[in-house]
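Coordinates in review
Each chain, written out:
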Amino acid sequence: MRIGVDIGGTFTDLCAVDETGIVAVHKVLTTHDEPARAVEEGLAALLPDLGAVEQVVHGTTLVTNALIERKGSRTALLATAGFRDVLEMRREHRYELYDLHLELPAPLVPRHLRFDVPERLLADGSVHTGLDEEYVARLGRELAGRGIEAVAVCFLHAFTNPAHERRAGEILAEVAPSLRVALSSDVVPEIREFERTSTTVANVYVQDLTERYLRDLEQRLHRLGIGRAPHIMLSNGGLATVDTAARYPIRILESGPAGGALAAAAIGPPDLLAFDMGGTTAKLCLIAGGEPLVTHQFEVDRKYRLLPGSGLPVRVPVTDLIEIGVGGGSIARIDALGLLTVGPDSAGSEPGPVCYGRGGTEPTVTDADLVLGYLDPGYFLGGGLRLDAEAARAVLREKIAGPLGVSVEEAAWGIHTSVNDDMANAARVHAVERGHDPAKLPMYTFGGAGPVHGAGVARALGASSVVAPPAAGVLSAAGFLTAPLAFDFVRSARAAVHDLAWEQVDALFAEMEAEGAALLAKSGVDEVTHRRVAEMRYAGQGYEIRVPVHGGHWPGTLIDEFTRTYRALYRRSGPEVGVEVLNWRVVSSGPKPVVSLRLTSSDASGDARKGTRKAYFPSAGGFVDTAVFDRYRLAPGTRVGGPAIVEERESTVVVPPGAHCVVRADSAVEVTV
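Residues numbered from 1 in each chain as written. Predicted model: local features only at pLDDT ≥ 70, side-chain atom pairs only at ≥ 80, totals over all residues. Heavy atoms only, no water.

Here we take up the overall build of the protein chain. Looking only at helices and strands, the protein chain features 17 helices and 35 strands. In terms of C-alpha radius of gyration, the protein chain reaches 26 Å, essentially the compact-globule figure of 26 Å for 673 residues. When the backbone C-alpha atoms are referred to their principal axes, the protein chain occupies close to 80 × 60 × 55 Å. Of all 673 residues assigned to the protein chain, the portion counted as buried reaches 57%. (Helix = DSSP H or I, 4+ residues; strand = E, 2+ residues; numbered from the N terminus. Rg over C-alpha atoms; globule rule 2.2 N^0.38 Å. Buried < 20%, exposed > 50% of the residue type's maximum accessible area, 1.4 Å probe, protein only.)

Side-chain direction in a regular strand flips from residue to residue, so the side chains alternate between the two faces of the sheet. Burial along strand 27 (residues 545–549) is one-sided: Ile545, Val547 and Val549 are buried, while Arg546 and Pro548, pointing the other way, are not. In this structure, strand 26 (residues 529–538) lies alongside strand 27, joined through 5 bridges in antiparallel fashion. When the bridges of strand 27 are listed, Glu535 appears paired with Arg546. Adjacent in sequence and paired antiparallel, strand 26 and strand 27 are bridged by 6 residues, among which Gly540 carries a positive phi angle near 100°. (Pairing = 2+ DSSP bridges.)

This paragraph deals with the pairing of strand 14 (residues 282–288). Among the 7 residues in strand 14, 6 count as buried, and that is most of the element. Bridge count for strand 13 (residues 272–277) against strand 14 is 6 bridges, and the pairing is antiparallel. Bridging across to strand 14, Leu273 finds its partner in Leu286. The turn joining strand 13 and strand 14, which pair antiparallel and follow one another in sequence, is formed by 4 residues. Two strands pair when backbone bridges link them, and strand 14 and strand 20 (residues 321–324) are joined in this way by 4 bridges, in the antiparallel orientation. Following the sheet pairing, Ala282 is matched in strand 20 by Ile324. Bridging between strand 14 and strand 15 (residues 291–292) involves 2 bridges; their strand directions are antiparallel. Each bridged residue has a counterpart across the sheet, and for Ala288 the counterpart in strand 15 is Glu291.

Reading across from one edge, 3-2-1-4-11-12 is the order of the 6 strands in this open sheet, with mixed pairing throughout. Since the sheet does not close on itself, it has two edges, and those belong to strand 3 (21–29) and strand 12 (239–240), each with one partner. When strand 1 (residues 2–7) meets strand 4 (residues 55–59), the two strands line up parallel, connected through 5 bridges. The residue bridging Val5 from the neighbouring strand is His58, located in strand 4.

Here Gly642 and Pro643 are connected by a cis peptide whose omega angle stands at 5°. Note on placement: Pro643 falls in the loop between strand 31 (639–641) and strand 32 (644–647). Even without being a glycine, Arg192 presents a positive backbone phi close to 95°. Along the chain, Arg192 falls in the loop between helix 6 (184–187) and helix 7 (193–205). Relative accessible area serves as the criterion here: at 17%, Arg192 is assigned to the buried category. Look at Ser667: it is not a glycine, yet its phi comes out positive at around 70°. Assignment of secondary structure puts Ser667 in the loop between strand 34 (660–663) and strand 35 (669–672).

As a further point, take the packing of aromatic side chains. Applying the stated rule across the entire model yields 13 aromatic pairs. Here the aromatic rings of Tyr248 and Phe487 are separated by 5.5 Å at their centres, their planes lie at 45°, and the arrangement is tilted. Linking Tyr248 in the loop between helix 9 (242–247) and helix 10 (255–267) with Phe487 in strand 25 (residues 486–496), this pair joins segments that are 239 residues apart in sequence. By the ring-pair criterion, three or more aromatic residues cluster together here, those being Tyr538, Phe562, Tyr566 and Tyr570. (Phe/Tyr/Trp six-rings, centres within 6.5 Å; stacked < 30°, edge-to-face > 60°.)

Within soluble globular proteins, side chains that are nonpolar generally end up buried alongside one another. Formed by 99 residues in total, the largest nonpolar core has its most connected members in Ile3, Leu43, Leu67, Leu78, Met536 and Trp584. With near-sequence residues (within four places) excluded, Leu78 lies in contact with Phe115, Val117, Val136, Leu139, Leu143, Val151, Ala152, Val153, Cys154, Phe155 and Leu172. With 70 residues, the next largest nonpolar core counts Met277, Ala412, Met423 and Val628 among its residues. (Core = buried A, V, L, I, M, F, W, Y, C linked by side-chain atoms within 4.5 Å. Contact = heavy atoms within 4.5 Å.)

Looking at the protein chain as a whole, its pLDDT mean stands at 89, while 98% of the residues score no less than 70. The secondary-structure element of the protein chain with the lowest mean pLDDT is strand 20, recorded at 79, while strand 9 (residues 150–154) shows the highest, at 97. (pLDDT = per-residue confidence, 0-100.)

We now examine helix 14 (residues 450–461). Judged by how many residues are buried, helix 14 sits mostly within the fold: 9 of 12 residues are covered. When helix 14 is considered as a whole, its buried residues turn out to be Gly450, Pro451, Val452, His453, Gly454, Ala455, Val457, Ala458 and Leu461. Downstream of helix 14 by one or two residues, Gly462 has phi in the positive range, about 85°.

Contact geometry of helix 1 (residues 35–46) with helix 8 (residues 207–223) gives a least axis separation of 10 Å together with a crossing angle of 20°. By the angle between their directions, the pair helix 1 and helix 8 is classed as roughly parallel. Note on packing geometry: the crossing formed by helix 1 with helix 8 is right-handed. Contacts from Pro35, Ala36, Arg37, Val39, Glu40 and Leu43 in helix 1 reach Tyr213, Asp216, Leu217, Arg220, Leu221 and Arg223 in helix 8. Taken together, the residues that form the contact of helix 1 with helix 8 break down as 7 nonpolar, no polar and 5 charged. (Axes fitted to C-alpha atoms, helices over the stretch in contact; angles between N-to-C directions. Parallel < 35°, antiparallel > 145°, perpendicular 65-115°, else oblique. Left-handed = near helix turned anticlockwise from the far one by under 90°. Nonpolar A, V, L, I, M, F, W, Y, C, P; charged D, E, K, R; others polar.)

The next subject is the sheet that holds strand 6 (residues 114–117). Sheet strands pair via backbone hydrogen bonds, and the direction of the pair is either parallel or antiparallel. Ordered in space as 6-5-9-10, the 4 strands form an open sheet in which the pairing is parallel. This sheet does not close on itself; its edge strands, each paired only once, are strand 6 and strand 10 (180–183). Within the sheet, the average angular offset between the axes of one strand and its neighbour, ignoring direction, is 20°. Relative to strand 9, strand 5 (residues 75–80) runs parallel, the two being bridged by 5 bridges. What sits directly across from Leu77, in strand 9, is Ala152.

Glancing now at the packing of helix 12 (residues 389–404) against helix 13 (residues 408–432). The axes of two packed helices give the description: the angle between them and the distance between them. Close contact between helix 12 and helix 13 brings their axes to 9 Å; oriented N to C, the two are set at 80°. Relative to helix 13, helix 12 is oriented roughly perpendicular. Between helix 12 and helix 13, the contacting residues are Arg393, Leu396, Arg397, Ile400 and Ala401 on the first element and Val408, Glu409, Ala411, Ala412 and Ile415 on the second. In terms of residue class, the contact of helix 12 with helix 13 is made up of 7 nonpolar, no polar and 3 charged.

So this is what it looks like as C-alpha cells:
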C-alpha cells in the first residue's frame, strides 16, 4: 500500500493505492498553523490500518508560503566585494513600463545584512583577488553573536570555480557552527548572478523551517504506525528523501502542482492540457510526448497581476505550468470601475467560503457554484462538510447582485463564467507560447473545483471534450505515486559549439551522473538512468532553449538537434549566426513505479441516478431540472446526456445542456461539449 498526500491552500488531499488501483481517497481542511496536523488527521481517517503502508509521498506548499509570508530565518548574504546589491538591482527591468507606483518584492536579506567580501574570481575561474579568510572568520563570529541564523554565500563566477565559496563555508562552520550556510556553487551552480543569488538566499532562508516540518512529519507518521520515512515530491516531478529535501528545500517549491501534471501524463494520451483547479489557485500544464514540460525559470511572490518580472526568481527545475489566482475559495468583488472581478486573493480554509459556515464574509467561487445548483450542500466532501446555501445567496445578494443591479443567479453565473474565461485565456497563452493549439488538445481536469468548471473552460477554448479522471478531486496526491526518485544537476560552461572541448563536456556529464548515482544509492536505488540536456542559443540571444543530448555520437548531431527544437518552438529557423551552449544538465532517476490510477471502489450495481435538482444554465432558460448521478455506480460505457451532474465525494462533474458524457473503460468521465 502506498499513499500520496498533497497539502494545498484550502484542502489537504490523500490517496491510497495498491497493486489493483486507487483504494481510498480523502480530503481534510488544511491546518495552516500546523500543516502536519492535517496530514496526521487525514491519514488516520483514510485507512483503519496503516501498518501495511510501504511508502508515503508528500507534496507541500510550505516553502512557497514561507517565502510569500516572510516566515524564514534571519539571513545574511556574503557576496563578492561590489556585488552585495545584486538582490536590489535585480535585472534593472520594469515589468510594467508605465506604472509609476511599480512594486517589487523586498529582498529576503535587508541591505544591512549584505556584506562585501574581499575576493574576486575571473570568468574563467582564475583568481584575481584571494579570499580574505580573516574577514570571513570575523564576520561569521559577529553574525552568530547578533542572532543571525542563516548565511548565503554567493561569490562571482563560483559556478566555474567554487574554491572561494567552499573555503568560506569551512571557515563559517569553524567559527560559527550554529549558522546554516548555503553555497551558490552547491545550490545552483550556473550562470546569471541575480538568479543564482536569489535562489541561494531563498534556499537557506527556508531551510530551518522546512527541516523542522519534515522531521515533525516523520514523527507523526511513526506514531500512526508507518515505519518508513516519507518521500518528498520535487518541483520537477521527481522524488527525494527527507534529507535531500531538507538540504535543498527550494527544490520542493512547486511540489503540489507537479503531482497533478504527472497523474494526467500517466493516464492520458501523449499530448494533452492538464487543468487543475483547487480551492486557492488553478494550474494549467502542457503534457507533450507523455511528460510534463519542465522549466528552470520560476518566480514566487509576484506582486502585480502575476506578471513575469514582478516576483523573486528561483533558478531550479519546476514543472512548466501557469498558475492563476482563481480557485473555489477565490473572492469575488466589484472593482473601482464597477466591474465584477474574481481573485487572486482567496478565503482559503480559514475562514473559507461563506457557505462553509466557518466565519467567511466574502463571496467566493464556491458560493457561486452552490447557488447555481452545481454542488449538493449535503454531499460536499461526501457529507463531511455541510454547505449553507442561504448564507451564500445572502452574501452574493449583498456584495455582488445588489451593487450590479442583477439577480443573485445572474451574479453567481457571472462569477462562474468569469473564472472559466480567465482560465481559458491563460491556457490559450500557455499552449501557444509552447507551439500548440489548445483547441486541438484533449483537456484533463481535476482538483476539487476543476470538473465543475471543466466543460465551461473547454467551450471557451473551442476544445471538443474534457476528461475528469477517476478520483479527480485528489488527483495531485495520486500523481505523486507515479514519480520515480530523481534529481537534477547542472554545470555552466559557456562556449560556442564549434569551440567546445568535447572531452571536458564528457567529463562534466560523467561528474554529474556519478553524483546522481551516489545520491540515489543512499535511497537504495541501484538501477539509475541519466538524461542529458544542453541549454543552447544563437549567439547574441538573451535566453536559451533546452536541447536533448542523445547517443554516443552526440557532438556531431548537437546543432541539428538544436535547430529541430528551435523550429518546433518558434515555427521558423533562427538567424545565420553561431550557436553556443550555456549550461549542461543531467537528470538522474530511478525506475518509474508501476501503478494503476483506476478506481477499485466503484460499485456499478444498483441505480446510479440519485435524483434531480434545479441547476442554472442560461442556455436552457435558467434553472432547469437536472439529473444527478452517483459516479461510483456508473458502469463503463454509460452515456449521460446534459444537463446532468455526476457526483463523487471529492469533486463534481457538470455536464451542460447540449453536451453529453461517457464513462470510459478506465472509469474516467469524458464530457463532449
